[in-house]
Amino acid sequence: MTDAAAEPPLARTPLGRAGVVGALWASTHPGPTLVVTALSLALGIAAGVDPGRLLVLVAAVFAGQVSVGLSNDAIDAARDAAVGRTDKPIAGGAVTAGRALAVGVGAVVVALALSIPLGPGLVAAHSVALASAWAYNAGLKSTAFSIVPFLLSFGLFPSFATLSTSAPALAAVWASVAGAALGAAVHLTNVVRDLDDDRRTGVRGLPHRLGARASVLLAAAGIVVGALAVLLGPGGQLGAVRVAFFVAAVAVAVATAVLVLVRPPGRAVFRLTMVAALLLAVQLVVS
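Residues numbered from 1 in each chain as written. Predicted model: local features only at pLDDT ≥ 70, side-chain atom pairs only at ≥ 80, totals over all residues. Heavy atoms only, no water.

Draft legend 1. Spotlight on the overall build of the protein. Looking only at helices and strands, one finds 13 helices and 0 strands in the protein. Ordered by position from the N terminus, the helices and strands of the protein form the series α-α-α-α-α-α-α-α-α-α-α-α-α. The C-alpha atoms of the protein give a radius of gyration of 20 Å, which matches the 19 Å a tight globule of 287 residues would have. Principal-axis analysis of the C-alpha atoms gives the protein an extent of 80 × 50 × 30 Å. Counting all 287 residues of the protein, 45% fall into the buried class. In the protein, once contacts between residues fewer than 6 apart in sequence are set aside, the share between residues at least 24 apart is 72%. (Helix = DSSP H or I, 4+ residues; strand = E, 2+ residues; numbered from the N terminus. Rg over C-alpha atoms; globule rule 2.2 N^0.38 Å. Buried < 20%, exposed > 50% of the residue type's maximum accessible area, 1.4 Å probe, protein only. Contact = heavy atoms within 4.5 Å.)

See the structure below:
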């Protein structure tokens, strides 16, 4: 009988340039990258950012999100491979972690370079947000403080638009509270789907310590707090649109909480929480 260990490994067909670019793009977490980029566009329009400056802002945010996604999958490549996540290009060997990390670093440079024409305030805010996100990828995700980068980065995010105007200023406190609540909900619910795989590879962030049910309940409560901040923060007369989005966000958050109390958390709970988070994001934009 032939010794299998002595047989040469199957050769992997080298990817062409287009294949490498596609693998890198798939490693950026395209969905969240595009959603956050679109949110920066919407917030910029709502803040009255000039079209030229708005284009630069959106490009800067896009580059920053590309860097965050690539660094996440590059740093997690060994852990993803250990739990069979070969659907991820880096873990599956379609592109090396070193190449992805190098492109991610380049994307950070591009993101900050694009921020410079929009003023020192945006450069500072974007630098803090990106450093926070990279710190999460590099190790904070495995600590009880895993939620902090999301609170910080998303809390700063509404200020990206207001700092990009011709009269730069930080966003209102209520907008920052809503942004932080959105970030907390994203973190607490996104991780729930991978709790078992994460535990197997030694990742024990705040959601892992709280457990799936408590994490979803905390996320739902955060969305309600954020929705209240957006409803009451701007002051003045409560318009029908503000009230409608508030009611919708709170209704979905409450439904999520009820569902997670009566049955084990599953994909439906995650989707409901994401719907509530999306409603909160839209509520923030239209206010």
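Let us keep going from here.
Draft legend 2. Quick look at the packing of helix H8 (residues 173–190) against helix H11 (residues 212–232). It is the contact of H8 with H11, at a shortest axis distance of 8 Å, that shows an interaxial angle of 160 degrees. Judged on the interaxial angle alone, H11 and H8 are roughly antiparallel. Classified by chirality, the crossing of H11 by H8 is left-handed. Every residue of H11 that contacts H8 at Trp-174, Val-177, Ala-178, Ala-181, Ala-185, Leu-188 and Thr-189 is listed here: Ser-215, Leu-218, Ala-219, Gly-222, Ile-223, Val-225, Gly-226, Ala-229 and Val-230. (Axes fitted to C-alpha atoms, helices over the stretch in contact; angles between N-to-C directions. Parallel < 35°, antiparallel > 145°, perpendicular 65-115°, else oblique. Left-handed = near helix turned anticlockwise from the far one by under 90°.)

Draft legend 3. Focus on H8. A rise of 1.5 Å per residue sets the reference length of H8, with its 18 residues, at 26 Å; its end C-alpha atoms lie 26 Å apart and thus fit the reference within 8%. Where burial is concerned, most of H8 is hidden: 13 out of the 18 residues are buried. (Expected span 1.5 Å × (residues − 1).)

Draft legend 4. Geometry of the environment of Val-282. Examined against the element boundaries, Val-282 turns out to sit in helix H13 (residues 267–286). Under the relative-accessibility criterion, Val-282 is labelled partly exposed at 29%. Along the primary structure Val-282 and Val-224 are separated by 58 residues, whereas in three dimensions their C-alpha atoms are 14 Å apart.

Draft legend 5. Summary view of the pattern of salt bridges. Considering all chains together, one arrives at 4 salt bridges under this definition. For the salt bridge of Asp-73 with Lys-88, the shortest nitrogen-to-oxygen distance reads 3.6 Å. Note that Asp-73 is positioned in helix H3 (residues 51–75) and Lys-88 in the loop between helix H4 (77–82) and helix H5 (97–115), a separation of 15 residues in sequence. Exposure class is identical for Asp-73 and Lys-88. Each is buried. For Asp-80, the salt bridge identified is with Lys-88, shortest N-O distance 3.6 Å. Sharing partners across several salt bridges, the network here consists of Asp-73, Asp-80 and Lys-88. (Salt bridge = Lys/Arg side-chain N within 4 Å of Asp/Glu carboxyl O.)

Draft legend 6. Region of interest: the packing of aromatic side chains. Considering all chains together, one arrives at 4 aromatic pairs under this definition. Here Trp-25 and Phe-62 contribute two aromatic rings whose centre-to-centre distance is 6.1 Å and whose plane-to-plane angle is 35 degrees, an arrangement assigned as tilted. Taken together, the positions of Trp-25 in helix H1 (residues 17–26) and Phe-62 in helix H3 put the pair 37 residues apart, joining distant regions of the chain. In this structure Phe-62 comes out as partly exposed when scored by relative accessible area, which is 32%. Here Tyr-136 and Phe-150 contribute two aromatic rings whose centre-to-centre distance is 5.0 Å and whose plane-to-plane angle is 90 degrees, an arrangement assigned as edge-to-face. In this pair, Tyr-136 sits in helix H6 (residues 120–138) while Phe-150 sits in helix H7 (residues 148–163), placing the two residues 14 residues apart along the sequence. Exposure class is identical for Tyr-136 and Phe-150. Each is buried. Site record: aromatic cluster; members linked through ring pairs are Tyr-136, Phe-150 and Phe-154. (Phe/Tyr/Trp six-rings, centres within 6.5 Å; stacked < 30°, edge-to-face > 60°.)

Draft legend 7. Here's a closer look at a nonpolar patch on the surface. Residues Leu-228, Leu-232, Leu-238, Val-243 and Val-247 make up a contiguous nonpolar surface patch of roughly 400 Å² in combined accessible area. Mapped by element, the contributors of at least two residues to the nonpolar patch are H11 and helix H12 (240–262). Residue placement: Leu-238 occurs in the loop between H11 and H12. (Patch = residues over 30% accessible without salt bridge, like charges linked within 9 Å, V, L, I, M, F, W, Y side chains within 5 Å. Areas by Shrake-Rupley, 256 points an atom, 1.4 Å probe, with all protein chains shown as cover.)

Draft legend 8. The arrangement of unusual backbone geometry in detail. Residue His-29 is not a glycine yet carries a positive backbone phi of 60 degrees. Relative to the elements of secondary structure, His-29 occurs in the loop between H1 and helix H2 (30–47).

Draft legend 9. Broad picture of H13. With 20 residues, H13 extends 29 Å between its outermost C-alpha atoms, agreeing within 8% with the 28 Å of an ideal straight helix rising 1.5 Å per residue. All of the buried residues in H13 are Val-269, Phe-270, Thr-273, Ala-276, Ala-277, Leu-279, Leu-280, Ala-281, Gln-283, Leu-284 and Val-285. Lining the buried residues of H13 we find H2, H7, H8, H11 and H12.

Draft legend 10. Seen up close, the environment of Phe-154. Along the chain, the position of Phe-154 falls in helix H7. It is 8.0 Å that separates the C-alpha atoms of Phe-154 and Ala-181, two residues lying 27 residues apart in sequence. Not counting residues within four places of it along the chain, the set of residues in contact with Phe-154 comprises Pro-149, Gly-179, Ala-180, Leu-182 and Gly-183.

Draft legend 11. Seen up close, the confidence of the model for the protein. In the predicted model, the protein carries a mean pLDDT of 88, and the fraction of residues at 70 or more is 91%. Confidence over residues 1–13 falls short of pLDDT 50; this stretch has 3 contacts with residues more than four positions distant or in other chains. (pLDDT = per-residue confidence, 0-100.)

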